[in-house]
Amino acid sequence: MLAYKDDLYYIRWAIKVSKTAREHGNTPFGAILVDPDGNILLEQENIEITELKCTGHAETMLMEKASQSYTKDFLWRCSLYTTVEPCAMCAGAIYWGNVGRVVYGISEVKLLEQTGNNQQNPTLSLPCREVFSRGQKQITVIGPFPECQAEVLEVHAGYWK
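Residues numbered from 1 in each chain as written. Predicted model: local features only at pLDDT ≥ 70, side-chain atom pairs only at ≥ 80, totals over all residues. Heavy atoms only, no water.

A. Layout of the pairing of strand S4 (residues 101-106). Where burial is concerned, most of S4 is hidden: six out of the six residues are buried. When strand S3 (residues 79-84) meets S4, the two strands line up parallel, connected through five bridges. Bridge assignment links tyrosine 81 to a residue of S4, and that residue is valine 103. Handedness of the crossover joining S3 and S4 through helix H4 (residues 88-97) is recorded here as right-handed. Relative to strand S5 (residues 140-142), S4 is paired through three bridges, and the arrangement is parallel. Of the residues in S5, the one forming a bridge with arginine 101 is threonine 140. (Buried < 20%, exposed > 50% of the residue type's maximum accessible area, 1.4 Å probe, protein only. Helix = DSSP H or I, 4+ residues; strand = E, 2+ residues; numbered from the N terminus. Pairing = 2+ DSSP bridges. Right-handed = clockwise from strand over helix to strand, strands pointing away.)

Printed below as a string of structure tokens:
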């Protein structure tokens, strides 16, 4: 359990990272990794556009960095916060990276309302809870958070049109 901040604090931090992603010319998504004591260990914005990397989603990139820096036992006690529910690819990276807790701001369904059929983000209808349920680990998933939905969506405003 986190020692001194609440989940909304960290989601709002991830929203700041998503704003940076958009400012850098990328899709507006952000993720952070938080240790069991509430320290932010890593921040990651989407990099798929500027790095020309189709797997450059914030959560997948964050898990690549985390797996190079921390043990699986340690990561299991960490939380990954992200602005939008992890897609199937990112859920797979989280699963294989061994993070034990995922917290997100808005659902993939709510994201699809923003993106429509935009080819840049062909949203899958596959909730991260379902991806995790097919595995051998009990990953805790918390979200969406209606209290920060408007803040997450504000970063996406006008981007997908």
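B. Quick peek at the nonpolar core. Formed by 22 residues in total, the largest nonpolar core has its most connected members in Leu33, Leu62, Met63, Leu80, Ile94, Val99 and Phe132. Listed by contribution, the elements that provide at least two residues to this core are strand S1 (30-34), helix H2 (58-69), helix H3 (72-76), H4, S4 and helix H6 (128-133). Sequence-distant contacts of phenylalanine 132, defined by excluding residues within four places in its chain, comprise Ala91, Ile94, Tyr95, Val102, Lys137, Ile139 and Val141. Grouped together as the second largest cluster of nonpolar side chains are 20 residues, Val34, Val103, Phe145 and Val152 included. (Core = buried A, V, L, I, M, F, W, Y, C linked by side-chain atoms within 4.5 Å. Contact = heavy atoms within 4.5 Å.)

C. Seen up close, the packing of H2 against H4. Packing of H2 against H4 leaves a shortest axis separation of 8 Å and a crossing angle of 20°. By the angle between their axes, H2 is roughly parallel relative to H4. Of the two possible hands of crossing, H2 and H4 adopt the one that is left-handed. The residues of H4 that touch H2, namely those facing Glu59, Thr60 and Met63, are Met89, Cys90, Ala93, Ile94 and Gly97. Across the contact of H2 with H4, the residue classes break down as five nonpolar, two polar and one charged. (Axes fitted to C-alpha atoms, helices over the stretch in contact; angles between N-to-C directions. Parallel < 35°, antiparallel > 145°, perpendicular 65-115°, else oblique. Left-handed = near helix turned anticlockwise from the far one by under 90°. Nonpolar A, V, L, I, M, F, W, Y, C, P; charged D, E, K, R; others polar.)

D. Just the pairing of S3, in detail. With six of six residues buried, S3 lies mostly within the body of the structure. Pairing analysis gives four bridges linking S1 to S3, with the strands arranged antiparallel. Looking at the pairing, isoleucine 32 lines up with tyrosine 81 of S3.

E. Highlighting the sheet that holds S3. Within the open sheet, the five strands sit side by side as S2-S1-S3-S4-S5. Their pairing is mixed. Every interior strand has two partners, whereas the edge strands, strand S2 (40-45) and S5, have only one. Sheet twist, expressed as the average angle between the axes of neighbouring strands with direction ignored, equals 15°. Its contacts with the sheet put helix H7 (residues 149-156) on S3 and S4, and the angle it makes with S4 is roughly 70°.

F. Local environment of the pattern of salt bridges. Taken as a whole and assessed by the stated rule, the structure comprises four salt bridges. Notably, a salt bridge pairs glutamate 151 with arginine 12, separated by 2.8 Å at the nearest N-O pair. Within this pair, whereas glutamate 151 is found in helix H7, its partner arginine 12 is found in helix H1 (residues 7-23), the two being separated by 139 residues in sequence. Two residues, glutamate 113 and lysine 110, come together in a salt bridge whose shortest N-O distance is 2.9 Å. Of this pair, glutamate 113 and lysine 110 both sit in helix H5 (residues 108-115), three residues apart, roughly one helical turn. (Salt bridge = Lys/Arg side-chain N within 4 Å of Asp/Glu carboxyl O.)

G. A look at the side chain of glutamate 48. For glutamate 48, the location among the structural elements is in the loop between S2 and H2. Among buried charged residues, glutamate 48 stands out as having no salt bridge; its nearest opposite-charge side chain is lysine 53, 11 Å away. Excluding residues within four positions of it along the chain, glutamate 48 makes contact with Asn26, Thr27, Lys53, Cys54, Gly56, His57 and Gln120. (Lys, Arg positive; Asp, Glu negative; His and termini not counted.)

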